[in-house]
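Structure assessment
What follows is each chain in one-letter form.
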Amino acid sequence: QQKTQEMNEFLTRRNIDAFCEVDLVTNIPSGIITVAQANGIAGLQSNTIMLGWPSATQFPLNAAALMRTLDQLGKSVLVARLKGFQNNESRSIDIWWSGTQENGDLMLLLSHLLVQSQRWRRAQIRLKTIVSDSSEIGKRQAALLRICRDTRISAEPIVLKQEEGQSVQELIRQESSMTDLVLMG
C-alpha cells in the first residue's frame, strides 16, 4: 500500500494520467511473466512490457529467456535504463533492426513519439542494421528506406558490414556507445 501511494503521488506530481499496481513476487522473472499475463483494464490486454535496467549487474542473468517468453506471449519488450542521459541539445536515437522481425516500424514509432517531446525535439533518429555479406547491403538499404517511407518517419538509414571475427554485440557497442537511446529489434 505504501509503494502504491508513493507511485500515485509521483504520477500526480508529474500530471501523468495513469494507474499503478504493485505485485509482490518471490522471483522477479516469473513475477514479470505473471504480471504480463494478468495485466489489462476494461477487457484490453497490454501488448508492451517495459522493464527497468538500472545496471548490468542488476538485470536478471536469464534476461534473454525472460524476453523470449514475453515474445511467445505476444508482448513487445522495452528495456530501459532511465539514468545517465547526456544533458545536451543534440540527442541521438539508434534503432537496431535485424531485418528478420516485423518490429522496425514499432521502434521507429516509439522514436517518433519521443522526438515530439520538448526535451528530444532535436534528436536524430538513425535506423541501423548489420549484414555479414557485402552483397546484402543494397537490399537491406532498400528495406530500411521502405520502412521509413511506409511509416512516414524521418530517419537516417545505415547499413553496417560485420567484419570477420567481429561479434554483433561488439559492433553495436562500437557504433552506439555515445548514443542517448538505443532500441534493438
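The present account deals with the structure reproduced in this document. Predicted, not measured: the structure shown is a model, and the values here were computed from it. (Residues numbered from 1 in each chain as written. Predicted model: local features only at pLDDT ≥ 70, side-chain atom pairs only at ≥ 80, totals over all residues. Heavy atoms only, no water.)

Take the packing of helix α4 (residues 104–114) against helix α5 (residues 137–151) next. Where α4 meets α5, the closest approach of the two axes is 10 Å, and the angle between their N-to-C directions is 55°. Judged on the interaxial angle alone, α5 and α4 are oblique. Crossing of α4 over α5 shows right-handed handedness. Contact with α4, carried on its side by G104, D105 and L108, involves I147, C148 and T151 of α5 and no other residues of that element. Of the residues assigned to the contact of α4 with α5, the class counts are 3 nonpolar, 2 polar and 1 charged. (Axes fitted to C-alpha atoms, helices over the stretch in contact; angles between N-to-C directions. Helix = DSSP H or I, 4+ residues; strand = E, 2+ residues; numbered from the N terminus. Parallel < 35°, antiparallel > 145°, perpendicular 65-115°, else oblique. Left-handed = near helix turned anticlockwise from the far one by under 90°. Contact = heavy atoms within 4.5 Å. Nonpolar A, V, L, I, M, F, W, Y, C, P; charged D, E, K, R; others polar.)

Our next topic: the packing of helix α2 (residues 28–38) against helix α3 (residues 63–72). Contact geometry for α2 and α3: axes closest at 10 Å, N-to-C directions at 15°. Here α2 is positioned roughly parallel relative to α3, judged by the angle of their axes. Classified by chirality, the crossing of α3 by α2 is right-handed. Between α2 and α3, the residues in contact are P29, I32, I33 and A36 and L66, T69 and L70, respectively. Its residues assigned to classes, the contact of α2 with α3 shows 6 nonpolar, 1 polar and no charged.

Quick look at α2 now. Taken together, the buried positions of α2 are P29, G31, I32, I33 and A36. Packing partners of the buried residues in α2 comprise β3 (48–52) and α3. Capping the start of α2, N27 holds a side-chain oxygen 3.0 Å from the backbone nitrogen of S30, two or three residues further along. (Buried < 20%, exposed > 50% of the residue type's maximum accessible area, 1.4 Å probe, protein only. Polar contact = N/O pair within 3.5 Å; in protein donor to acceptor, adjacent residues only side chain to side chain.)

Per the counting criterion, the structure on display carries 5 salt bridges. Close ionic contact of D94 with R126 constitutes a salt bridge, the shortest N to O distance being 2.6 Å. In this pair, D94 is assigned in strand β5 (residues 92–96) and R126 in strand β6 (residues 124–131), connecting sequence segments 32 residues apart. Where K128 meets E175, a salt bridge forms, and the shortest distance between an N and an O atom there is 4.0 Å. On the criterion of sequence distance, the pair formed by K128 in strand β6 and E175 in helix α6 (residues 168–176) is long-range, its members being 47 residues apart. On the accessibility criterion, K128 (3% relative accessible area) is buried. (Salt bridge = Lys/Arg side-chain N within 4 Å of Asp/Glu carboxyl O.)

Attention shifts here to helix α1 (residues 2–13). Helix length check: α1 (12 residues) gives 16 Å between terminal C-alpha atoms against 16 Å at 1.5 Å per residue, within 8%. N15 occupies a position one or two residues after α1 and carries a positive phi of about 55°. (Expected span 1.5 Å × (residues − 1).)

Sheet faces and side chains relate simply in a regular strand, where the side chains alternate between the two faces. Of all 8 residues in β6, 7 are buried, a share of seventy percent or more. For β6 and strand β7 (residues 156–161), the ladder comprises 6 bridges, and the chain directions are parallel. Each residue of the ladder has a partner; that of K128, found in β7, is I158. Regarding the hand of the β-α-β motif, the stretch spanning β6, α5 and β7 is right-handed. (Pairing = 2+ DSSP bridges. Right-handed = clockwise from strand over helix to strand, strands pointing away.)

Attention shifts here to the packing of aromatic side chains. If you walk through the whole model with that rule in mind, you get 0 aromatic pairs. Taking the ring centre of W120 as reference, the NZ or CZ of R91 above it sits at 4.8 Å. (Phe/Tyr/Trp six-rings, centres within 6.5 Å; stacked < 30°, edge-to-face > 60°. Lys NZ or Arg CZ within 6 Å of the ring centre and 35° of its normal.)

In space, the 4 strands of this open sheet follow the order β7-β6-β5-β8, with parallel pairing throughout. Each edge of the sheet is formed by a strand with only one pairing partner; in this case those strands are β7 and β8 (181–184). The sheet shows a mean angle of 25° between the axes of neighbouring strands, taken without regard to direction. Each of β5, β6 and β8 is contacted by α4, which is oriented at about 170° to β5, the strand it contacts most.

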